[in-house]
Amino acid sequence: MSRSGLCQHCESAPANHTCPNCGSLVCERHFDRQRGECASCSVGMG
Ligand SMILES: [Zn+2]
Ligand SMILES: [Zn+2]
């Protein structure tokens, strides 16, 4: 199955990172390396 491994944010780019916070597979574009979190977590909900 080639579906697994797609970014869960855009679902169009291959996920190269796994967010250690929420476990989401995200592409490099949706991964904040400085924070080590995905874009969703990096937004800051608190
Ligand atoms: Zn993405
Ligand atoms: Zn996350």
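Residues numbered from 1 in each chain as written. Chains lettered and ligands numbered in written order. Predicted model: local features only at pLDDT ≥ 70, side-chain atom pairs only at ≥ 80, totals over all residues. Heavy atoms only, no water.

Novice: What exactly am I supposed to notice about the pattern of salt bridges here?
Specialist: One side chain can pair with another of opposite charge once the charged atoms of both are near each other. By the definition in use, this model includes 2 salt bridges. Between Arg 33 and Glu 28 there is a salt bridge, with its nearest N and O atoms 2.7 Å apart. Residue class for Glu 28 comes out partly exposed when judged on its relative accessible area of 43%. Residues Glu 37 and Arg 35 are paired through a salt bridge, measuring 3.8 Å at the closest nitrogen-oxygen approach. (Salt bridge = Lys/Arg side-chain N within 4 Å of Asp/Glu carboxyl O. Buried < 20%, exposed > 50% of the residue type's maximum accessible area, 1.4 Å probe, protein only.)

Novice: Teacher, can you tell me more about the coordination of the zinc ion (ligand 2) here?
Specialist: Tetrahedral coordination by four donors places them ideally at 109.5 degrees to one another around the metal; octahedral coordination by six donors ideally gives 90 or 180 degrees. Only Cys 19 (SG), Cys 22 (SG), Cys 38 (SG) and Cys 41 (SG) from the protein coordinate the zinc ion (ligand 2), and they sit 2.2 to 2.4 Å from it. Because the angles between the 4 donor atoms bound to the zinc ion (ligand 2) fall within 104 to 112 degrees, the donor set is best described as tetrahedral. All donor residues of the zinc ion (ligand 2) come from one chain, and their arrangement in sequence is C-x2-C-x15-C-x2-C. Neither Cys 38 nor Cys 41 differs from the other in exposure class; each is buried. (Donors = N, O, S within 2.8 Å, 3.2 Å for Na, K, Ca; no water. Tetrahedral: all angles 85-135°; square planar, octahedral: opposite > 155°, others 65-115°.)

Novice: Any chance you could explain the coordination of the zinc ion (ligand 1) here in plain terms?
Specialist: Protein-derived coordination of the zinc ion (ligand 1) comes from Cys 7 (SG), Cys 10 (SG), Cys 27 (SG) and His 30 (ND1), at a distance range of 2.0 to 2.4 Å. In this structure, the zinc ion (ligand 1) is coordinated by 4 donor atoms arranged in tetrahedral fashion, with angles at the metal of 99 to 122 degrees.

Novice: Honestly, the side chain of Ser 42 in this entry has me stumped. Any pointers?
Specialist: With respect to the secondary-structure elements, Ser 42 resides in helix 1 (residues 39-42). Those residues in contact with Ser 42 that sit more than four places away from it in its chain are Asp 32, Arg 35 and Glu 37. (Helix = DSSP H or I, 4+ residues; strand = E, 2+ residues; numbered from the N terminus. Contact = heavy atoms within 4.5 Å.)

Novice: Help me understand the side chain of Glu 37, please; the structure alone is not making it clear to me.
Specialist: As for its placement among the helices and strands, Glu 37 is situated in strand 4 (residues 37-38). The class of Glu 37 is buried, set by a relative accessible area of 18%.

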